[in-house]
Amino acid sequence: MSARVAVRTRGGALTVDGLTVGYGGAPVLHDVCFALAPGEVVALLGANGAGKTTLLRALAGLVPAAAGGIDLDGRDLRGLRTEARARRGVALVPEGQSVVAELTVDENLRLGALWRHRGAARERAVAGMYEMFEPLARRRTSAGHQLSGGERQMLALGRALVADPVLLALDEPSLGLAPLVVAHLMSTLRDASARRGLTVLLAEQNVTSALSIADRGVVLDLGRVVADAPAADLAADDTLRHAYLGF
Ligand code: ATP
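1. Brief notes about the site of the ligand
Close to the ligand lie Y23, V28, A47, N48, G49, A50, G51, K52, T53, T54, E172 and Q205, which account for all nearby residues. Taking T53, its side chain carries an N or O atom lying 2.8 Å from an oxygen atom of the ligand. E172 places a side-chain nitrogen or oxygen 3.3 Å from an oxygen atom of the ligand. Within the complex, 56% of the 630 Å² of free accessible area of the ligand lies under protein. Ranked by residue count, the leading element in the shell around the ligand is helix α1 (residues 52-60), at three residues. Its residues assigned to classes, the shell around the ligand shows four nonpolar, six polar and two charged.

And the structure:
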């Protein structure tokens, strides 16, 4: 990392306690409890429909919690709207939607930085992204729709990181990408987290890739936590892998 760009270490602790969420009264998440230490990378795993997206949306305030608490760095997020949670440092990279196709790479990054940084600080924040993600620097005048799938995900990551989040939540970033591109994306994510001490919750169906960079994994089944363990233990647990992770 260049010494010119000052990057803060600012991952926060996340505690999810008894979270229950549903759509139209039908519960999808039931009494979900887990915690992330500052700087930890945790894979959120589970089959189709297990509730991963719902959990990320609940953290970001996009679906209301029927019960339970969400605490980031000692601050209760309950009752806060999506914008207020973003200001507290919650960044959600939703599945396949977080790049504006008509805007250039540079404009996308500036948009991500807009509400968080002004003037020279904004320039430094955007420059920091180009130092972290060199392929984006080479594509800074290309429009979002001209990027490859891997470049688009990298830009989505840059757009989230440029706002200096405390918690980065990603929904299936590997979806639709070729295996080599996924491997590169995962190592980029791990590296970005390590550089910033960033806390990351990574929802993935690509279990092997997610566990390859995660410290721990939390496994959901039908909206309930069925395992919460170090990544290496989950990868080695044949019974659990067959029952809930499909490999
Ligand atoms: P996938 O990997 O397929 O996205 P997931 O683990 O992210 O699955 P969710 O998308 O959170 O799971 O879905 C959990 C359950 O909630 C599913 O049964 C799904 O049908 C239901 N669900 C999701 N979104 C809605 C919605 N907007 N309205 C009603 N039910 C929904």
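2. Some thoughts on the side chain of S193
Structurally, S193 can be placed in helix α7 (residues 179-196). Residues contacting S193, with those up to four places away along its chain left out, are G39, V41, L198 and V200.

3. Some remarks on the packing of aromatic side chains
If you walk through the whole model with that rule in mind, you get zero aromatic pairs. One residue, R140, lies across the ring of Y130, its end atom 4.0 Å from the ring centre.

4. Side note on the packing of helix α3 (residues 105-114) against helix α6 (residues 149-161)
For any two helices packed against each other, the geometry is given by the interaxial angle and the distance between the axes. Contact geometry of α3 with α6 gives a least axis separation of 7 Å together with a crossing angle of 30 degrees. Comparing their axes, α6 and α3 come out roughly parallel. Two packed elements cross with a definite hand, and for α3 against α6 that hand is right-handed. Contacts from V105, N108, L109, L111 and G112 in α3 reach L155, G158 and R159 in α6.

5. Quick look at the pattern of salt bridges
If you walk through the whole model with that rule in mind, you get ten salt bridges. Among the ionic pairs, R110 bridges to D106, the shortest N-O distance being 2.7 Å. You can see R110 and its partner D106 sitting in helix α3, four residues apart, about one turn around the helix. Assessed through its relative accessible area of 26%, R110 is described here as partly exposed. Each of the salt bridges in this network shares a partner with another, and the network as a whole consists of E40, R216 and D228.

6. Quick look at the sheet that holds strand β1 (residues 14-23)
Note: strands within a sheet are paired through backbone hydrogen bonds, in either parallel or antiparallel orientation. Strand order in this open sheet of four strands is β2-β1-β4-β5, and the pairing throughout is antiparallel. Of all strands in the sheet, those bounded by a partner on one side alone are β2 (26-36) and β5 (75-76). Where β1 lies against strand β4 (residues 67-72), five bridges are found, and the strand directions are antiparallel. Bridge pairing in β4 places D17 opposite G69. The strands touched by α1 are β1, β2 and β4; relative to β1, the strand with the most contacts, the crossing angle is about 110 degrees.

7. Topic: a nonpolar patch on the surface
On the surface, a cluster of nonpolar side chains totalling about 270 Å² of accessible area is made up of L111, L114 and W115. In this structure L111 comes out as partly exposed when scored by relative accessible area, which is 34%.

The rules behind these values
- Residues numbered from 1 in each chain as written.
- Predicted model: local features only at pLDDT ≥ 70, side-chain atom pairs only at ≥ 80, totals over all residues.
- Heavy atoms only, no water.
- Near = heavy atom within 4 Å.
- Polar contact = N/O pair within 3.5 Å; in protein donor to acceptor, adjacent residues only side chain to side chain.
- Areas by Shrake-Rupley, 256 points an atom, 1.4 Å probe, with all protein chains shown as cover.
- Helix = DSSP H or I, 4+ residues; strand = E, 2+ residues; numbered from the N terminus.
- Nonpolar A, V, L, I, M, F, W, Y, C, P; charged D, E, K, R; others polar.
- Contact = heavy atoms within 4.5 Å.
- Phe/Tyr/Trp six-rings, centres within 6.5 Å; stacked < 30°, edge-to-face > 60°.
- Lys NZ or Arg CZ within 6 Å of the ring centre and 35° of its normal.
- Axes fitted to C-alpha atoms, helices over the stretch in contact; angles between N-to-C directions.
- Parallel < 35°, antiparallel > 145°, perpendicular 65-115°, else oblique.
- Left-handed = near helix turned anticlockwise from the far one by under 90°.
- Salt bridge = Lys/Arg side-chain N within 4 Å of Asp/Glu carboxyl O.
- Buried < 20%, exposed > 50% of the residue type's maximum accessible area, 1.4 Å probe, protein only.
- Pairing = 2+ DSSP bridges.
- Patch = residues over 30% accessible without salt bridge, like charges linked within 9 Å, V, L, I, M, F, W, Y side chains within 5 Å.

Structural measurements only, silent on function.
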